[in-house]
Amino acid sequence: MTESSPLQTTIRKTILEPCGIPFDCSSGACKHDEDRNGSLPLVTVTWAQTLDGRVSGPNGNMIAISGPEAFIMTHMLRATHDGILVGVGTVKNDNPRLTVRIADLVVDRGELVLSDLVAANHPQPIVLDPRLALPETCHLVTNQTCRRPWIVFDPKAANVSAAAVAEKAKRLVTAGCKLIPVANARHDLHGVLRALRTQGGMRSIMVEGGRAVLESFLTAQPPVANAVIITVAPRFVGGGVHLSPSIDWTRTAQSGGRVAWSSLGDDAIMVWRRGQ
Ligand SMILES: NC(=O)C1=CN([C@@H]2O[C@H](COP(=O)(O)OP(=O)(O)OC[C@H]3O[C@@H](n4cnc5c(N)ncnc54)[C@H](O)[C@@H]3O)[C@@H](O)[C@H]2O)C=CC1
Ligand SMILES: Nc1nc(O)c(N)c(N[C@@H]2O[C@H](COP(=O)(O)O)[C@@H](O)[C@H]2O)n1
């Protein structure tokens, strides 16, 4: 493995490897090695929050929470997973690109020296969107730098069979999106993950948000998360969206596992990895 910068080495050793995520700086594209033949993809759940637990600002507006080093970590995570998954609420609210832009970040934040930049190995965006509500003008569908998303929808959800939605589905496919039908997609995360593994060959998925989707992945029974990585930034927002997953820690397998934390720039990174 080629080390490309002290920061990348720190992130690899203190965060990625303890979570079971190998990262090969020479290719910038190393994927999970373990469990490639499993029936479900490996799942890393990750988000950034403030000291008062907010994942976005007042009115749900997206705000910069992570510091520059944690941003690089997030983009290294993007580069090391086959897929990056968000809910349609995040697409509507944030209009994300979900690409790997470590090079841009380094240019933007020139004080961070990364000698060997990670190739632009973008993960496959996956949008959980049972009712096909994805805005057709969003970056994921129109921006040339973005990979066209896979859209997990529920063919039996109310309205989805309506003619207007069928027309929309056709336009999305023409634009390059892939539609993945999953019955009861909103409530059956195991079904969703199985479909992504069997129909899409996904071996590893990074779950990036938003609030409702994160809560679903954290509370799924049986558990689906292999690792959880939380960036905690040293600031208060005083309003906005916060996570409140209703987990009964005494009953879930999530109560086991290994927990660790480290600092990255000004942020604290909390990691949890499923135990045996
Ligand atoms: N700080 C961070 O790391 C991040 C923060 N955010 C923030 O999160 C907020 C958006 O969160 P939400 O509105 O909750 O949208 P969301 O992105 O969680 O999407 C929710 C929608 O996804 C669909 N869905 C399909 N399967 C689902 C499942 N199993 N569980 C839950 N929803 C499912 C439903 O239609 C639901 O309405 C924004 O304020 C955004 O800025 C989003 C991503 C990361
Ligand atoms: N890790 C992290 N730190 C922050 O401070 C954030 N605001 C986010 N937001 C997530 O990134 C998405 C935007 O992605 P692009 O930059 O457009 O590729 C946004 O939708 C959130 O999921 N994450």
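What counts, and where the lines are drawn
Residues numbered from 1 in each chain as written. Chains lettered and ligands numbered in written order. Predicted model: local features only at pLDDT ≥ 70, side-chain atom pairs only at ≥ 80, totals over all residues. Heavy atoms only, no water. UniProt positions renumbered as here; feature names shortened; annotations may be inferred. Near = heavy atom within 4 Å. Polar contact = N/O pair within 3.5 Å; in protein donor to acceptor, adjacent residues only side chain to side chain. Helix = DSSP H or I, 4+ residues; strand = E, 2+ residues; numbered from the N terminus. Nonpolar A, V, L, I, M, F, W, Y, C, P; charged D, E, K, R; others polar. Contact = heavy atoms within 4.5 Å. Buried < 20%, exposed > 50% of the residue type's maximum accessible area, 1.4 Å probe, protein only.

Going by an unreviewed UniProt entry, the chain carries the name 2,5-diamino-6-ribosylamino-4(3H)-pyrimidinone 5'-phosphate reductase and comes from Allomyces macrogynus. As its UniProt record puts it under Sequence similarities (unreviewed entry), the chain is described as follows: "Belongs to the HTP reductase family." Quoted straight from UniProt, the Function (unreviewed entry) entry for the chain says "Catalyzes an early step in riboflavin biosynthesis, the NADPH-dependent reduction of the ribose side chain of 2,5-diamino-6-ribosylamino-4(3H)-pyrimidinone 5'-phosphate, yielding 2,5-diamino-6-ribitylamino-4(3H)-pyrimidinone 5'-phosphate."

Caption draft 1: Broad picture of the site of ligand 2. Not every one of the 17 residues close to ligand 2 is listed here, only the nearest: Ile65, Ser66, Asp94, Arg97 and Arg101. At a separation of 2.8 Å, an oxygen atom of ligand 2 approaches a polar side-chain atom of aspartate 94. In the environment of ligand 2, an oxygen atom lies 2.8 Å from a nitrogen or oxygen atom belonging to the backbone of arginine 97. Mapped onto the shell around ligand 2, the elements with two or more residues apiece are helix H2 (68-79) and helix H3 (88-94). Looking at the shell around ligand 2, the element that brings in the most residues is H2, giving 3 residues. Residues of the shell around ligand 2, tallied by class, amount to 8 nonpolar, 4 polar and 5 charged.

Caption draft 2: Representation of the side chain of serine 56. Residue position: serine 56 is located in the loop between strand S1 (42-50) and H2. When sequence neighbours within four positions are dropped, the list of residues in contact with serine 56 reads Asn61, Ile63, Ile65, Val237, Gly239, Gly240 and Val241.

Caption draft 3: Structural context of the environment of serine 56. For serine 56, a relative accessible area of 7% puts it in the buried group. It is 9.9 Å that separates the C-alpha atoms of serine 56 and aspartate 94, two residues lying 38 residues apart in sequence.

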